[in-house]
Amino acid sequence: MDNNIYAISYKMRQELYKRIVFVLKIILICFVVISIFMTFLLYPVVSRSNSMAPDISAGNVEFVVPFLRTPGRGDVVLVQNHETADLNIIQRFLNQCFLFVTARQWQPFGTENRSGALPMVRRVVGMPGDTIYIDKYVVYIKPKNESHFLTEFELIDKKYDVEIFTAPTGWDINLGAKSGTKPIVLGEGQYYLLGDNRMECIDSRLWGPVKKDAIKGRVVLQYFPFNKIKVF
């Protein structure tokens, strides 16, 4: 009788062990699949400022496709225009674990780069080969091999709004974001990025042109808040 009890107890422990291993395998597979999906295919990004207002406001959430790194004129992209912190393999693994359980909203290491700036969403206005300048917040672009300047809205097919205002008499144009820039020619693989909120935005007026490898993906959809769902 005792031997039977021990045998039954052993079998129960073995069954419990197998179930635990099975559950852990399922969790691991889910972690790997979701991590791959949200690293290479699609992941959410939370806007933390009103730099892209009125279309994208602080707190809005957008989906970014990371393999779409060659933008077109007018596209909205995620850009990391500063050197990022070097992470070892353990820190990268822990980041992936925390990104997995927080739906890619938080990670413990490398959340900011060395200059303290997070990746940000901006609009591609200038393409390689363009000559571009800004006058009173109006963007003028002469595409490569063209002879005339056009405004961004004459040149870009995508529909979007920008926030600017007419400065009152005596306004210091050096206050806030630059209202004007000198003409520059974009080199090979360089893009000119601006925020839609031209009055309160850090963008290529400060950084200068952005290299292609600084673009981490293209924004394809704003899905939160639900009453402002928008395809880009």
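Residues numbered from 1 in each chain as written. Predicted model: local features only at pLDDT ≥ 70, side-chain atom pairs only at ≥ 80, totals over all residues. Heavy atoms only, no water.

## Quick look at the environment of Phe-98
Rule in force here: Numbered from the N terminus, helices here are DSSP runs of H or I no shorter than four residues, and strands are runs of E no shorter than two. Categorising residues by exposure relies on relative accessible area from a 1.4 Å probe, with only protein chains included: less than 20% of the type maximum marks a residue as buried, more than 50% marks it as exposed, and the intermediate range marks it as partly exposed.
Following the sequence through the fold, Phe-98 ends up in helix H2 (residues 89-101). Judged by relative accessible area, which is 34%, Phe-98 ranks as partly exposed. For the pair Phe-98 and Phe-109, spaced eleven residues apart in sequence, the C-alpha to C-alpha distance is 9.9 Å.

## A closer look at the packing of aromatic side chains
Applied cut-off: Geometry of aromatic contacts follows a simple scheme: Phe, Tyr and Trp rings, the Trp one being its six-membered ring, pair when their centres are within 6.5 Å, and the pair is stacked under 30 degrees between planes, edge-to-face over 60, tilted otherwise. Distance and angle both matter: a charge sits over a ring if NZ of Lys or CZ of Arg is within 6 Å of the ring centre and within 35 degrees of the ring normal.
Counted according to the given criterion, the structure contains five aromatic pairs. When the centroid spacing of 4.4 Å and the interplanar angle of 20° are considered together, the rings of Phe-63 and Tyr-223 count as stacked. You can see Phe-63 sitting in strand S2 (residues 61-65) and its partner Tyr-223 sitting in strand S11 (residues 215-224), a full 160 residues away along the chain. Given a relative accessible area of 24%, Tyr-223 falls into the partly exposed group. Aromatic side chains Phe-224 and Phe-226 sit 5.5 Å apart centroid to centroid with 90° between the ring planes, which places their arrangement in the edge-to-face category. The exposure class of Phe-226 is exposed, given its relative accessible area of 62%. An aromatic cluster is built from Tyr-133, Tyr-140 and Phe-149, whose rings are joined through pairwise contacts. Residue placement shows Arg-123 over the ring face of Tyr-160; its charged tip is 3.8 Å from the ring centre. Sitting above the plane of the Phe-232 ring, Lys-230 keeps its charged end 5.7 Å from the centroid.

## Here we look at the pairing of strand S8 (residues 181-185)
Sheet faces and side chains relate simply in a regular strand, where the side chains alternate between the two faces. Let me state the cut-off plainly: Between any two strands, at least two bridges found by DSSP are needed for them to pair.
For S8, the buried fraction is low: zero of the five residues fall into the buried class. With three bridges connecting them, strand S5 (residues 131-135) and S8 associate as antiparallel partners. In the sheet register, Ile-134 faces S8, and the bridge partner there is Thr-181.

## Details of the confidence of the model for the protein chain
Here is the rule we go by: Residue-level confidence of the predictor is what pLDDT reports, using numbers from 0 through 100. When checking whether two residues touch, look at their non-hydrogen atoms; a contact exists if any pair is within 4.5 Å.
Across the protein chain, the average pLDDT comes to 81, with 79% of residues at 70 or higher. The secondary structure element of the protein chain with the lowest average pLDDT is H2, at 71, and the one with the highest is strand S9 (residues 190-194), at 96. Overall, residues 112-116 carries pLDDT values under 50, and its contacts beyond four positions in sequence, including any with other chains, amount to twelve contacts.

## Some thoughts on a nonpolar patch on the surface
Put simply, the rule is: A patch consists of residues whose relative accessible area exceeds 30% and which take part in no salt bridge; residues with like charges are grouped when within 9 Å of each other, and nonpolar side chains (Val, Leu, Ile, Met, Phe, Trp, Tyr) when within 5 Å. Each accessible area is a Shrake-Rupley estimate made with a 1.4 Å probe; only the visible protein chains count as cover when residues are assessed. Salt bridges, as used here, are contacts in which a Lys or Arg side-chain nitrogen is within 4 Å of a carboxyl oxygen on Asp or Glu.
Taken together, the side chains of Leu-16, Ile-20, Phe-22, Val-23, Leu-24, Ile-26, Ile-27, Ile-29 and Val-33 define a hydrophobic patch exposed on the protein surface, amounting to about 860 Å² of accessible area. Of the residues examined, Ile-20 reaches a relative accessible area of 43% and is grouped as partly exposed.

## Quick notes on the environment of Thr-131
Position of Thr-131 relative to the elements: it lies in strand S5. Considered as a pair, Thr-131 and Val-185 are 54 residues apart in the sequence and their alpha carbons are 4.3 Å apart.

## Concerning the pattern of salt bridges
Scanning all chains against the criterion turns up seven salt bridges. Asp-55 is the salt-bridge partner of Arg-123, the closest N and O atoms lying 3.9 Å from each other. Of the two residues, Arg-123 sits in strand S4 (residues 120-126) while Asp-55 sits in the loop between strand S1 (43-46) and S2, which places them 68 residues apart along the sequence. Looking at Asp-55, the relative accessible area reads 14%, which means it is buried. Of the charged contacts in the structure, one is a salt bridge between Arg-123 and Asp-196, with a shortest N-O distance of 2.8 Å.

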